[in-house]
Amino acid sequence: MGYIFDSTSAVDQGADPDGKKENFYADDYAKPVVADEYRSVYVYEAPIRLWHWVNVCAVITLMITGYLIGVPLPSANGEASEWFVMGYIRYAHFAAGYVFAVGILVRFWWGAVGNRFARQVFYLPIWSRRWTSELAYQLRWQTFLERKPLRYLGHNPLAHVAMTALFLYPALFMIATGFAMYSEAAGRDSWQHAIFYWVIDIWGNTIDVHLWHRMGMWTIACFVIVHVYAAVREDIMSGQSVIGVMFNGERLFKRKF
Amino acid sequence: MGDATFYDLFRRQGISRRSILKFCGLTAASLGLPPAAAAQIAQALETKPRIPVLWLHGLECTCCSESFIRSGHPLVKDVVLSMISLDYDDTIMAAAGHQAEAIIEEIVETYKGRYIVAVEGNPPLANDGMYCIVGGKPFVERLRYACRDAQAVIAWGSCASNGCVQAARPNPTQATPVHKVITDKPIVKVPGCPPIAEVMTGVISYILTFERLPELDRQGRPMMFYSQRIHDKCYRRAHFDAGQYVEKWDDENARKGFCLYKMGCKGPTTYNACSTVGWNDGISFPIKSGHGCIGCSEEGFWDKGPFYSRLTQVAGFGIEANADTIGRTAATGALAVAAVHGGLSAVKRLRDTRQRDKDEQG
Amino acid sequence: MTITTPNGFTLDPSGKRVVIDPVTRIEGHLRLEVNVDSANVIRNAVSVGTMWRGLEMILKDRDPRDAWAFTQRICGVCTGTHALTSVRAVEAALGIPIPENANTIRNIMQATLYTHDHLVHFYHLHALDWVDVLSALKADPNATSALARSLSSWPLSSPGYFKDLQLRLTRFVESGQLGPFKNGYWGHPAYKLPPEANLMAVAHYLEALTFQKEIVKIHTVFGGKNPHPNWLVGGVPSAINVDSVGAVGAVNMERLDLVSSIIDRAIEFIEQVYIPDLLAVASFYKDWAQWGGGLAGRNLLCYGDFPEKANDYGADNLAFPRGAIIDGNLNEIHQVSLDDPDQIREFVTHSWYKYPDEGKGLHPYDGITEPNFVLGPATEGKKTDIRRIDEGAKYSYLKAPRWRGHAMEVGPLARWVMGYAQGRPDYKEPTDAVLKKLGVPVGALFSTLGRTAARGLECQWSAHKLKGYFNKLMATLKAGDFATANADKWEPASWPRAARGSGFSEAPRGALGHWVQIADGRIANYQCVVPTTWNGSPRDPQGNIGAYEAALLGTPMADPSRPLEILRTIHSFDPCLACSTHIMGPDGQEKAVVRVL
């Protein structure tokens, strides 16, 4: 059993790269034994997991419909009143947008009331030397310069960066720009206009908001690729469960690793 | 006689009171005002002298003046003879040279705070302003002087409002919109390249009638004409929602009047009255005549092209680079990195496992 | 201290200097300085273009399919003609043929511009040079009515009509707020019309102001708006559908009927109002057949326009003549080519631009423009307050284009003389009729009056051409050809990696050329040489003066402080300064570096 880090703790516990120490300082979360070769820690509570999968559906819907709004399908024939292709695509986009936005709100709320793993993605402890050194370690692990990974209860520092900078911040940007554009159709007396229209004034010309909204989409698309790949890889390579944890909330650690 | 009212002038010109009231009714209707406003307009005409207007030209193409004279209601001859006193306008005024110059001074001195400056075009600030010289001096100097005691400033067209074509990248003359030079006066921006004629005269009618500037949006444009997108009121909107587009110029769909979205129409991102007021007495507007909107009333629209693409070309990313090409490249790159990294990881894992097996055996 | 220029004009800058800045009732910004002798006759003239926008620099790296929109914003008065020239240049570079209907509709657009632009020029930019608005107050409405009826059958000619108008005018003048007529040169001794003619002209000034907005509706039908209608590389954007589903969404029968009715009304207005007015005014100003000629009797240049069949830009297929006349020899019409590097060249010795070797001119494909605003040592005032320009040094934002080294005049007069010299009946017959009516010889064409008359004749010509092109469009539609655009080479992937081409047109003010170089789907270089650059050009290295400067020489002024005579001649050219002062060639700048090394 290697040393398991609690990446949500502000206290610098010091790394144990040789991995000999049997210290398991997150014992308070640890269930004794799942099977002989595993120890398991309950990390992600149900609302987080539920949010994650709802969010997955919303993001996929948003990306597909969003792409088709920018690059529409081949034209339909017949009378316009018989068809509502773009209308439904946009409807699905807006519906998924609401789900996505409400989801982010719920996530913020759970960040406030949930366990400390629920809070991790909302900030990057770039001032922590331990965190930055472990980030460097993680980068070395990913570039095959370290033999063994460090293992964490929450997100490892590199995953943490991805979650925050490639998902959370872009997600907030997408919500702001998305609702700003939505407010143009919703009208000047809408709440969307009241809350979000200022976003359009940042650029002056709303076509720029469309441009950056699309750039945001591609940023999140890149995140999805990296996220799915890294989850599968780390699940296999780093002796801990990364995929399963989003189903049952339990982080499993291989004893022999 | 300097204080003769519109009403006096109309009456003396042999126009009956009945006709005047009819004119007021039409004006109210064209501005989308309730019938009661007609009486207010009539009252206004009966009691006000004509306000002097100094119409200055900077770096421009005169399309705003040309558009202005296209106004069908009110007719521009009535605007000039009976509504305002267009004392200075390079394009149509009889006087030239110092006789023309003298007018600006006279109006600024005589009508302190009671005249309007209308600006067509914009001042270039590079080369000490000497890319636009009027009377031997930089245009920007004359603009500042004329605006000094103005009651309000009207920024005609996209040049004065946003900079327009001469301010497009790389803006070699440092052409600068009016609001960045005149900062202490209320400015009404009437963007468009050019603005619609009746929108121009409508703004003037409104100011004269209600003795106040129209309600402006956050960018300084009159709400009455610039608060909705062309797309929101486009008669081809049904085809947009249906998913029916012109796929190629002059195809079957073009002849059926399908939506021009795929041809790069900027209607969805352009605030203007084209799809409602229409152009040249409402005869048509760009989309109705088969060409997408190029977004000419929007800030910096020249740099949001190409005009025939839905997505803006992104500067600094090479030829034909828009959000999708950049995004696709980035996503493909991410996939490629994942694939390579995945392969290397598999190799590493295989070696690690073998090593462990060996260790265990050993 | 007189100077004789190589092109045969004598300049004497010793007399009193008169400065007119701004010159009004033009497009853009122009300054004129003249010297008059003791008899107040103009002996030296200096034409100063006073604005620069750098549009060609802005065009670099853009999509060539967008170039029409940028170049169209060069000028909102001759709106469309730059766009037309631009799509022609791009089509020439990329080898894109256009459908017959597209060519016809473009001709309709261009003829509409001519009809509108010349009418507006005569009444709203030029008429106040000849018509004394205040004198109209003294007219007898009955006599005015009799005069109007003796000239044409235009229905708005009753005594009551003129009386009402006079009343309105009187009250307007009495208000003390003269608006655009403020500080005009009213009562100037050079005004020769009797009060009745003045009143009639003022009536038509206002009627024309109201009517002109009708003509441009043809642009609105095919281009969606005016000013600045929409164009398309490969054809025209307005699809035509007259007899099947969805016709209401395209150019249909109702739209075509609208166009047809506007054309008829335009012909009526021009023939019953404009032409009679022109002849009536001209008959009082026959002395202006001796002044203002300048280069007109010597060097004239036309590119031609209005291809009768699509995709053939050869001189024989053009309704407007192409050619050059040198030294007044009407018997020899020189061939003109935009692509021949020896023909069109631009010089900057007296322009606010920099060349590595300023003694040489550059063909537009190799054009360089680097602004270089410097004033000569004899300038009075300072950089930001110029009181007298030094024409010995650089003095204008206009370059000096030359055709085989000659300063040329372009415009309606050039076209009309060219057509006349080529013996084309549609030019010769109306010209001879006007000359006969006014009782002046052919030589009278080479003057301020001739220029103004040629514009009127051209306006009438273009209105009839408009009708002809409309009929041609209908005939093609009847034959079942509805194509308006060729999208085969729309996608940049179908283009050659590098291409270049030139496009030409005749703008209302004269010969207009665009030169484009395309590399990897983007504009590598773009140059325009426009009519007012020809006419308003400063001197070249040899000292040849341009058309404006030449035309002003020898004109007597009644009162140099009220420069009505100068305005008459300059307005007869219909200056467009925003057009002429925007040249910039970044491609050429690299060449400059090579040469320096």
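Conventions and cut-offs
- Residues numbered from 1 in each chain as written.
- Chains lettered and ligands numbered in written order.
- Predicted model: local features only at pLDDT ≥ 70, side-chain atom pairs only at ≥ 80, totals over all residues.
- Heavy atoms only, no water.
- Core = buried A, V, L, I, M, F, W, Y, C linked by side-chain atoms within 4.5 Å.
- Buried < 20%, exposed > 50% of the residue type's maximum accessible area, 1.4 Å probe, protein only.
- Helix = DSSP H or I, 4+ residues; strand = E, 2+ residues; numbered from the N terminus.
- Domains from an automatic or database assignment.
- Salt bridge = Lys/Arg side-chain N within 4 Å of Asp/Glu carboxyl O.
- Contact = heavy atoms within 4.5 Å.
- Patch = residues over 30% accessible without salt bridge, like charges linked within 9 Å, V, L, I, M, F, W, Y side chains within 5 Å.
- Areas by Shrake-Rupley, 256 points an atom, 1.4 Å probe, with all protein chains shown as cover.
- Phe/Tyr/Trp six-rings, centres within 6.5 Å; stacked < 30°, edge-to-face > 60°.
- Buried area = accessible area lost by both parts, 1.4 Å probe.
- Polar contact = N/O pair within 3.5 Å; in protein donor to acceptor, adjacent residues only side chain to side chain.
- Pairing = 2+ DSSP bridges.
- Axes fitted to C-alpha atoms, helices over the stretch in contact; angles between N-to-C directions.
- Nonpolar A, V, L, I, M, F, W, Y, C, P; charged D, E, K, R; others polar.

K.L.:
Looking at this structure, how should I read the nonpolar core?
P.N.:
One broad rule of soluble globular proteins: the nonpolar side chains tend to lie buried together. If you look at the biggest cluster of nonpolar residues, it comprises 228 residues, and the most contacted ones within it are Trp156(B), Trp249(B), Trp302(B), Phe222(C) and Ile566(C). Counting residues per element, this core draws most heavily on helix H9 (residues 253-284) of chain C, at 16 residues. Both domain 1 (50-226) and domain 2 (231-304) of chain B contribute no fewer than three residues apiece to this core. Core analysis: the second largest hydrophobic core is formed by 35 residues, Leu62(A), Ala96(A), Ala180(A) and Ile225(A) among them.

K.L.:
What is the right way to look at the pattern of salt bridges in this model?
P.N.:
For side chains bearing opposite charge, pairing can occur when the charged atoms are close. Under the definition given, this model contains 61 salt bridges over all chains. Salt-bridge contacts for Arg404(C) lead to Asp340(C); the nearest nitrogen and oxygen are separated by 3.8 Å. With Arg404(C) in the loop between strand S13 (400-403) and helix H10 (412-421) and Asp340(C) in the loop between strand S9 (323-325) and strand S10 (344-347), the pair connects residues that are 64 residues apart, well separated along the chain. Across the pair Lys354(C) and Glu370(C) runs a salt bridge, and its minimum N-O distance is 3.8 Å. Of the two residues, Lys354(C) is situated in the loop between S10 and strand S11 (380-382) and Glu370(C) in the loop between S10 and S11; the sequence distance between them amounts to 16 residues. Here the salt bridges share partners, and the residues they tie into one network are Arg90(A), Glu184(A), Arg229(B), Asp232(B), Arg237(B) and Asp241(B).

K.L.:
I keep staring at the domain arrangement of chain B and nothing clicks. Help me out?
P.N.:
All names here are of chain B. Split into domains, chain B comes out as domain 1 (50-226) and domain 2 (231-304). One C-alpha centre belongs to domain 1, the other to domain 2; they are set 28 Å apart. Contacts between the two partners involve 21 residues from domain 1, matched on the other side by 17 residues from domain 2. Inspection of the region where domain 1 meets domain 2 yields 1 salt bridge.

K.L.:
How should I be thinking about a nonpolar patch on the surface in this particular structure?
P.N.:
Residues and elements named next belong to chain A. Taken together, Trp53, Val228, Val232, Ile236, Ile243 and Phe247 make up a surface patch of nonpolar side chains, about 530 Å² in accessible area. Checked against the element boundaries, valine 228 lands in helix H7 (residues 206-237). Assessed through its relative accessible area of 46%, valine 228 is described here as partly exposed.

K.L.:
Which parts of the structure should I look at to understand the packing of aromatic side chains?
P.N.:
The geometry of an aromatic ring pair is captured by the separation of the ring centres together with the interplanar angle, meaning the angle of the planes. Taken as a whole and assessed by the stated rule, the structure comprises 60 aromatic pairs over all chains. A centroid spacing of 4.5 Å and a plane angle of 35° characterise the contact between Phe301(B) and Trp302(B), whose relative ring orientation is tilted. You'll find Phe301(B) and Trp302(B) in the same group, each marked buried. Between Trp288(C) and Trp291(C), the aromatic rings sit 5.2 Å apart at their centres with planes inclined by 80°, giving edge-to-face as the arrangement.

K.L.:
It is not clear to me how the interface of chain B and chain C should be interpreted in this structure. Could you clarify?
P.N.:
Size of an interface: often given as the accessible area lost when the parts come together. At the interface, 103 residues of chain B touch 103 residues of chain C. Contact between chain B and chain C buries roughly 8700 Å² in total, counting both sides, with carbon and sulfur atoms accounting for 58%. Counting the contacts that link chain B with chain C gives 6 salt bridges. A salt bridge links Asp128(B) to Lys383(C), with the shortest nitrogen-to-oxygen separation between them at 3.1 Å. For the pair chain B and chain C, the number of links is 55 residue pairs in polar contact (both at pLDDT 80 or more). Top contributing element to the side of chain B that touches chain C by residue count: helix H6 (residues 97-110) of chain B, with 9 residues.

K.L.:
What is the right way to look at the pairing of strand S14 (residues 498-507) of chain C in this model?
P.N.:
Two faces belong to every sheet, and in a regular strand the side chains alternate between them. Residues and elements named next belong to chain C. For S14, the tally of buried residues reaches 8 of 10 residues, placing the bulk of the element in the interior. With 10 bridges joining them, S14 and strand S15 (residues 510-519) adopt antiparallel strand pairing. Of the residues in S15, the one forming a bridge with serine 502 is tryptophan 515. Between S14 and S15, which pair antiparallel and follow one another directly, the connecting turn spans 2 residues.

K.L.:
Explain the sheet that holds strand S16 (residues 522-529) of chain C to me, please; I cannot follow it from the model alone.
P.N.:
Strand pairing in a sheet is mediated by backbone hydrogen bonds. Such pairs are either parallel or antiparallel. All names here are of chain C. Taken in spatial order, the 3 strands make up an open sheet running S14-S15-S16, and their pairing is antiparallel. Every interior strand has two partners, whereas the edge strands, S14 and S16, have only one. Shown here is a sheet whose adjacent strand axes are inclined to one another by a mean of 15°, direction ignored. Relative to S16, S15 is paired through 7 bridges, and the arrangement is antiparallel. Pairing of tryptophan 515 across the sheet is with glutamine 527, part of S16. Strands in contact with helix H3 (residues 81-94) are S14, S15 and S16; relative to S14, the strand with the most contacts, it is inclined by about 150°.

K.L.:
Got a minute to help me understand the interface of chain B and chain A in this structure?
P.N.:
Taken together, the 50 residues of chain B in the interface contact 49 residues of chain A. For the chain B and chain A pair, buried surface summed over both sides reaches about 4300 Å², with 56% attributable to carbon and sulfur atoms. If you sort the residues of chain B by the area they bury against chain A, Arg218(B), His341(B) and Lys348(B) come out on top, with a joint share of 13%. Scanning the region where chain B abuts chain A turns up 5 salt bridges. Arg90(A) is paired through a salt bridge with Asp241(B); the nearest N and O atoms lie 3.9 Å apart. For the interface between chain B and chain A, the tally reads 28 residue pairs in polar contact (both at pLDDT 80 or more). In terms of residue class, the side of chain B that touches chain A is made up of 20 nonpolar, 12 polar and 18 charged.

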